[in-house]
Amino acid sequence: MRKMIDIDFGSSRYDELVELRYKILLEPLGLKFLDLHRAKEANYLHIGCIECLDDRLIGGLILAPVNNEEIRLMQVAVDTRYQGEGIGRELVKYAEKRAHEAGYSKIVMHAMLSVVHFYEKMNYKQEGDIFEENGITFAKMVKDI
């Protein structure tokens, strides 16, 4: 059994989420998580997926406000032992619900090309040209919620 939760910035659960995002998303690319980014995350919504049997964080993401209408979905990460079990999809659906509840009408993201199809299946649309950032190729994707 798993459950989706909101994670408080600065909590021990937040530290677990930072570590998971680093391990899954940044470390394989040779990138570091810089503590200076933490301050920016104080106003973000942090979402996690907990394995209820052992209360372990197995997935998470962040939502960063862009303006009064748009929020940016960022750094969706699922523990490698649980990938392929639909956790990413559950996390994104929960994030869409939370974003809507918080008053946002659109989700935007920069999706690595390897996951564009995943988001297209969840009704996200590619917008604009493919672009590169820090040596990684992305597509901007959007969805009205």
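That block above? That's the structure.
A few points on the structure. Quick caveat: nothing in here was measured; it's all calculated off a predicted structure.

### A short note on the pairing of strand β4 (residues 70-78)
Then, number 1: Sheet topology places strand β3 (residues 56-65) next to β4; six bridges connect them, and they run antiparallel. Looking at β4, one finds that L63 is bridged to L73.
Then, number 2: From the end of β3 to the start of β4, which pair antiparallel, there are four residues.
Then, number 3: Note that β4 and strand β5 (residues 106-112) share three bridges and pair parallel.

### Focus: the sheet that holds strand β2 (residues 45-51)
Then, number 1: Spatially, seven strands are ordered β1-β2-β3-β4-β5-β7-β6 in an open sheet, and the strand pairing comes out mixed. The open sheet has two free edges, formed respectively by β1 (2-7) and β6 (125-133), since each of these has just one partner strand. The average undirected angle you get between the axes of adjacent strands in this sheet is 25 degrees.
Then, number 2: Set on the sheet, helix α1 (residues 12-26) makes contact with β1, β2, β3 and β4; between it and β3 the angle comes to about 90 degrees.

### Observations concerning the pattern of salt bridges
Then, number 1: Counted by the stated rule, this structure contains twelve salt bridges.
Then, number 2: The shortest N-O distance in the salt bridge between R13 and D55 comes to 2.9 Å. Placement of R13 in helix α1 and of D55 in the loop between β2 and β3 is noted, with a sequence separation of 42 residues between them.
Then, number 3: For R13, a relative accessible area of 16% gives the class buried.
Then, number 4: Classification of D55 by relative accessible area gives partly exposed; the value is 44%.

### Some points on the packing of aromatic side chains
A ring pair, where both rings are aromatic, is described by two values, the distance of the centres and the angle of the planes.
Then, number 1: One pass over the full model with this rule turns up four aromatic pairs.
Then, number 2: A ring pair is formed by F9 and Y14, whose centres lie 4.9 Å apart and whose planes are at 55 degrees; its orientation type is tilted.
Then, number 3: Looking at F9, the relative accessible area reads 36%, which means it is partly exposed.
Then, number 4: Consider the rings of F118 and Y119, whose centres lie 4.8 Å apart with planes at 80 degrees: the pair is edge-to-face.
Then, number 5: By relative accessible area, F118 is classed as partly exposed at 24%.

About the cut-offs
- Residues numbered from 1 in each chain as written.
- Predicted model: local features only at pLDDT ≥ 70, side-chain atom pairs only at ≥ 80, totals over all residues.
- Heavy atoms only, no water.
- Pairing = 2+ DSSP bridges.
- Helix = DSSP H or I, 4+ residues; strand = E, 2+ residues; numbered from the N terminus.
- Axes fitted to C-alpha atoms, helices over the stretch in contact; angles between N-to-C directions.
- Contact = heavy atoms within 4.5 Å.
- Salt bridge = Lys/Arg side-chain N within 4 Å of Asp/Glu carboxyl O.
- Buried < 20%, exposed > 50% of the residue type's maximum accessible area, 1.4 Å probe, protein only.
- Phe/Tyr/Trp six-rings, centres within 6.5 Å; stacked < 30°, edge-to-face > 60°.

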